[in-house]
Amino acid sequence: MSKPTVGIFGLTGCAGDQLVILNCEDRLLDIVALIDIRDFLMASSENDDACPLDIALVEGAVLSRRDADKLRAIRQRSKILVALGTCAVWGGVAAMDRGTDRARLLEEVYGERGLEYDSSPAQALHELVKVDLNITGCPVEKEHFIAAVAALLNGDTPLYPEYPVCTECRMRENNCLLIERGELCCGPITAGGCEARCPELRVPCAGCRGPAGDANVPSLMAMLEQKGFDRQQLAARLRTFAPDGVAQ
Ligand code: SF4
Ligand code: SF4
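In every chain, residue numbers begin from 1 and rise along the written sequence. Lettering for chains starts from A, numbering for ligands starts from 1, and both go in the order in which the items are written. Residues qualify for local features only when their pLDDT is at least 70, as the model is predicted, and side-chain atom pairs are given and counted only at 80 or more; totals for whole chains, interfaces and linings, by contrast, use all residues.

Re the site of ligand 2
Each residue gets a C-beta atom placed from its backbone. If that atom is within 6 Å of a molecule or strand, the residue is near it. Within the structure, ligand 2 sits among Val165, Thr190, Cys194, Ala196, Arg197, Cys198, Pro199, Cys205, Ala206, Gly207, Cys208 and Arg209. Think of it this way: any DSSP run of H or I at least four residues long counts as a helix, any run of E at least two long counts as a strand, and we number them from the N terminus. Among the elements that line the shell around ligand 2, the one with the most residues is helix H9 (residues 197–200), at three residues. Lys, Arg, Asp and Glu make up the charged group, whereas Ala, Val, Leu, Ile, Met, Phe, Trp, Tyr, Cys and Pro make up the nonpolar group; the residues left over, Gly among them, are polar. Its residues assigned to classes, the shell around ligand 2 shows eight nonpolar, two polar and two charged.

And the structure:
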């Protein structure tokens, strides 16, 4: 039986998720033995950029007509399209400027000719095309990528945590930064799966994995207000990674 054909692509982003794949090190050879990677510009200069793909993994947000055209072409040639990382799933860091005057931004950064650049407000992949699977994270967790490959090869859909970072933080028996130290920690409404990496180091969660499936924003807001924070402060913190409206 022939191996499934796979393409790995980057739109506008930092390439961190593609690096996670390359950093699978000891597992990489096993993965390559099971799949036929046909198009992965970051790893190879010899690619087939037109062949049909069983699975396409796409990192980054859409920030230009070029990105949008590339994404639509990937969608057309792929049976399964996976959004890889917070930028692809939610818009991520590039979407921080949503709601600002884009023309003024372009002029400030690029000068008078800024408006001529092929540049548009950041969009997550699902805002343009059908996405079959989301793997969030900034960057994604290596184990989540490997689990996705294993599940898709078996015809299954991988399951990722629906619970928030707090669940993992409490399982690791950390003292709560929010309740005990009064720090603005986004753990209660951020998707788990990172093993509470930041609170484990006594750094408040900045929400880099995007909103948890069952995020209880009103409950967090009530607790934050008790601690002297307001809605604007939470919205400003969450705007770095999550879509507008999570804290509204
Ligand atoms: S430190 Fe943050 S992530 Fe950990 S339990 Fe408290 S609010 Fe949740
Ligand atoms: S604790 Fe929060 S900011 Fe840190 S890696 Fe996890 S989701 Fe991202």
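Digging into the sheet that holds strand E4 (residues 78–84)
Judged by pairing direction, the sheet is parallel, and its five strands sit side by side in the order E2-E1-E3-E4-E5 without closing on themselves. Unpaired on one side and paired on the other, strand E2 (36–40) and strand E5 (133–135) mark the two borders of the sheet. Across this sheet, the average inter-strand angle for adjacent strands is 25°, counted without regard to direction. Inspection of the sheet shows strand E1 (residues 5–10) paired to strand E3 (residues 53–59) by five bridges, in the parallel sense. Each bridged residue has a counterpart across the sheet, and for Val6 the counterpart in E3 is Ile55. It is the C-beta atoms, placed from the backbone, that decide contacts: two residues are in contact if theirs lie within 7 Å. Fitted lines through C-alpha atoms serve as axes, helices being fitted only where they are in contact, and the angles separating the N-to-C directions of these axes extend from 0 to 180 degrees. Taken strand by strand, helix H6 (residues 142–153) contacts E3, E4 and E5, and its axis lies near 160° from that of E5. A pair of strands is treated as paired once DSSP finds two or more bridges between them.

Examining the nonpolar core
By definition, a nonpolar core groups buried Ala, Val, Leu, Ile, Met, Phe, Trp, Tyr and Cys residues that connect through C-beta atoms lying within 7 Å of each other. Exposed residues have 12 or fewer other C-beta atoms within 10 Å of their own C-beta, buried residues have 20 or more, and partly exposed residues fall in between, where C-beta atoms are placed from the backbone. Within the largest apolar cluster, 57 residues are counted, with the highest numbers of intra-cluster contacts made by Ala56, Val58, Ala61, Val82, Leu84 and Ala88. With five residues, the top contributor of residues to this core is E3. Setting aside anything within four residues of it in sequence, one finds Leu84 in contact with Asp17, Leu57, Val58, Glu59, Ile135 and Val140.

A few points about the environment of Leu105
Tracing the chain through its elements places Leu105 in helix H5 (residues 102–110). Here Leu105 falls in the partly exposed class, since 14 other C-beta atoms lie within 10 Å of it.

Examining the domain arrangement of the protein
Per the domain assignment, the segments making up the protein are domain 1 (5–153) and domain 2 (165–238). One C-alpha centre belongs to domain 1, the other to domain 2, and the line joining them spans 27 Å. Between domain 1 and domain 2, the contact holds eight residues from the first and six residues from the second. Top element by residues in the side of domain 1 that touches domain 2 is helix H4 (residues 86–90). It accounts for three residues. Class assignment of the residues belonging to the side of domain 1 that touches domain 2 gives a composition of three nonpolar, four polar and one charged. Segmentation of the chain into domains, including their bounds, is taken from an automatic or database domain assignment.

Examining the site of ligand 1
Around ligand 1 lies a shell of 14 residues, among which Cys166, Cys169, Cys176, Cys185 and Gly187 are the nearest. For the shell around ligand 1, the secondary structure elements donating two or more residues are helix H7 (165–171) and helix H8 (177–181). With four residues, the single largest contributor to the shell around ligand 1 is H7. By residue class, the composition of the shell around ligand 1 is eleven nonpolar, two polar and one charged.

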